[in-house]
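Structure assessment
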Amino acid sequence: MRPSLCRALTMWVCAAPMLSAATTESLPRAAKRILEIHCVACHGEARMSGLDLRSRKSALEGGTRGAAIVPGDPSSSLLLDAVLGAGQLKMPPASSGIPDADITTLGNWIAAGAPWPETEGGSEQSQWWSFKKPERPVVPPVAEDPWVRTPIDAFVLARLREQGLEPAAAAGRRTLLRRAYFDLHGLPPSPEDADRFLRDESPEAYPDLVDHLLESERYGERWGRYWLDLVRYADTSGFETDHFYTTAWRYRDYVIESFNRDKPFTEFVREQIAADELWPTDMDLEGTLNLPPVKQENVHRRIGTSLFTLGAFPMGIIYLSAQM
């Protein structure tokens, strides 16, 4: 073993706490988190130096420099050598390095056999947050406080108290009215709407106001624009000629209508990705002058898929293609 690595490991051993059953159980997740924060950007999909630290199997296989981890033997593990900066290899490069506490955790983890966090259903991918089944958290004990009206309030109040803060005073009715209108419609209330709400002193006045705003077509116009911005919707193609899409408004109205109909998000996305494949249909009239309702709905779904025809492109490409 190199003298520099011996000195670094000696410092780590002296600083490392004694391993307990509870510490060992928490090590896999802690170590994996450290690797994800400091290492996986380079030694993940990119596989720099042939090293992939996203799974125990690939970490043990190592890269072009050899095994990155030797379970149970921190002194022979290249990973610990690199994060300690004991030799010529220092990781992460061009940074202040990994905090000492995290290096201690990695050392303890390797000494414990480098166990990997257990995966759900045997799939490492299932550990990613979006693959985990949502679990309802325990409501903080502040739920009995008079300020708390909903479980969400309890979480807010608990965090405020952790920071030594108190909730702001409740908004007045006029302020509450303006906030609701700007949030759901993007416009201030009319004088008539404001007077109607301010005169209504019933306890259901505000819930009724929110229901009224959600039922309005203005709601879809306000919140649909965020989706339109996300998918880069435009009425023209951009580039030099800036070709005008004469029927782009159909997709815009489709998005607004989807929000106003409270369409399930899964259905909303599927219609835009593959409506023509998921809901195929022919245009036969089946003995009438109008399409059956089911076929009308399926045709309407395809408006979502038309998004793929609204991308930016130079008209010169279309012209040249037509001449070939």
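This section reports on the structure supplied with the text. All residue numbers refer to positions counted from 1 along the written sequence of the respective chain. The predicted origin of the model limits local features to residues at a pLDDT of at least 70 and limits the giving and counting of side-chain atom pairs to 80 or more, whereas totals for whole chains, interfaces and linings rest on all residues. Side-chain descriptors were evaluated using all non-hydrogen atoms of the structure, hydrogens and water having been removed beforehand.

Looking only at helices and strands, the protein has 14 helices and zero strands in total. The helix and strand sequence of the protein, counted from the amino end, reads α-α-α-α-α-α-α-α-α-α-α-α-α-α. A buried classification covers 31% of the 324 residues belonging to the protein. Of the contacts formed within the protein by residues at least 6 apart in sequence, a portion of 53% connects residues at least 24 apart. Helix numbering and strand numbering both begin at the N terminus, where a helix is a DSSP run of H or I of at least 4 residues and a strand a DSSP run of E of at least 2. With a 1.4 Å probe rolled over the protein chains alone, any residue whose accessible area is under 20% of its type maximum counts as buried; one over 50% counts as exposed, and the rest are partly exposed. Here a residue-residue contact requires only that any non-hydrogen atoms of the pair lie within 4.5 Å.

The pairing test for Phe, Tyr and Trp rings, Trp by its six-membered ring, is centres within 6.5 Å, and the orientation test on the planes gives stacked under 30 degrees, edge-to-face over 60, and tilted for anything in between. Evaluation of the coordinates by the stated rule reveals eight aromatic pairs. Aromatic side chains W223 and Y226 sit 5.1 Å apart centroid to centroid with 40° between the ring planes, which places their arrangement in the tilted category. Here W223 and its partner Y226 are both found in helix α10 (residues 217–230), three residues apart, which amounts to about one turn of the helix. Given a relative accessible area of 37%, Y226 falls into the partly exposed group. Look at Y251 and Y254: their rings are 5.9 Å apart centre to centre, the planes differ by 35°, and that puts the pair in the tilted class. Within this pair, Y251 and its partner Y254 are both found in helix α11 (residues 249–260), separated by three residues, close to a single helical turn.

All right, on to α10 then. Over its 14 residues, α10 runs 21 Å from end to end, which matches the ideal 20 Å to within 8%, given 1.5 Å per residue. Values of bend correspond, residue by residue, to the angle between axes fitted over the seven residues ending at that residue and the seven starting there. Of all the bends in α10, the largest measures some 30° and sits at G224. Listed as buried for α10 are Y219, G220, R222, G224, W227 and L228. In the core, the buried residues of α10 are packed alongside α7 (173–184), α9 (205–215), α11 and α12 (265–278). Of the residues flanking the end of α10, it is R232, one or two places downstream, whose phi is positive at about 60°. What a helix is expected to span follows from its residue count: subtract one and scale by 1.5 Å.

Take unusual backbone geometry next. Most peptide bonds adopt trans geometry, and most residues besides glycine take a negative phi value. Despite not being glycine, R47 has its phi angle at roughly 50°, a positive value. Mapped onto the secondary structure, R47 falls in the loop between α2 (21–38) and α3 (56–61). Accessibility expressed as a relative area gives 45% for R47, which makes it partly exposed. Notably, S49 is not glycine yet its phi reads approximately 60°, a positive angle.

Here the focus is the packing of α7 against α9. For helices, the fitted axis covers only the stretch in contact; all axes are lines through C-alpha atoms, and the angles between them, taken along N-to-C directions, range from 0 to 180 degrees. Between α7 and α9, whose axes approach to 10 Å, the crossing angle comes to 20°. In terms of axis orientation, α7 runs roughly parallel to α9. Here α7 and α9 pass one another in a crossing that is right-handed. Where α7 abuts α9, its residues R173, L176, L177, A180, Y181 and L184 lie against A205, Y206, L209, V210, H212, L213 and L214. An angle below 35 degrees is read as roughly parallel, one above 145 as roughly antiparallel, one from 65 to 115 as roughly perpendicular, and any other as oblique. By convention, the crossing between two helices is left-handed when the near helix turns anticlockwise from the far helix through less than a right angle, and right-handed when the turn is clockwise.

Any two side chains of opposite charge can pair, given that their charged atoms come close. We define a salt bridge as a contact between a side-chain nitrogen of Lys or Arg and a carboxyl oxygen of Asp or Glu at a distance within 4 Å. In this structure the tally under the stated criterion is 15 salt bridges. We note a salt bridge from D52 to R47, for which the minimum N-O separation is 3.2 Å. You can call D52 buried: its relative accessible area is 5%. Taking the shortest distance from any N to any O, the salt bridge between D193 and R196 comes out at 2.7 Å. Within this pair, D193 and its partner R196 are both found in helix α8 (residues 191–199), separated by three residues, close to a single helical turn. Through salt bridges with shared partners, one network takes in K263, E267, E271 and R301.

This part covers helix α6 (residues 151–162). The α-helix winds at 3.6 residues per turn, so residues separated by three or four positions along the chain end up facing the same way. With 12 residues, α6 should reach 16 Å at 1.5 Å per residue; the first-to-last C-alpha distance of 17 Å fits that figure. Of the residues making up α6, those classed as buried are D153, A154, L157 and A158. The arc that holds every buried residue of α6, seen down its axis, measures 135°, which confines them to one face. Those residues of α6 that are exposed and aimed more than 90 degrees away from the buried face are I152, R159 and E162. Looking at the residues trailing α6, positive phi occurs at G164, about 70°. Read the arc as the range of directions from the helix axis to the C-beta atoms.

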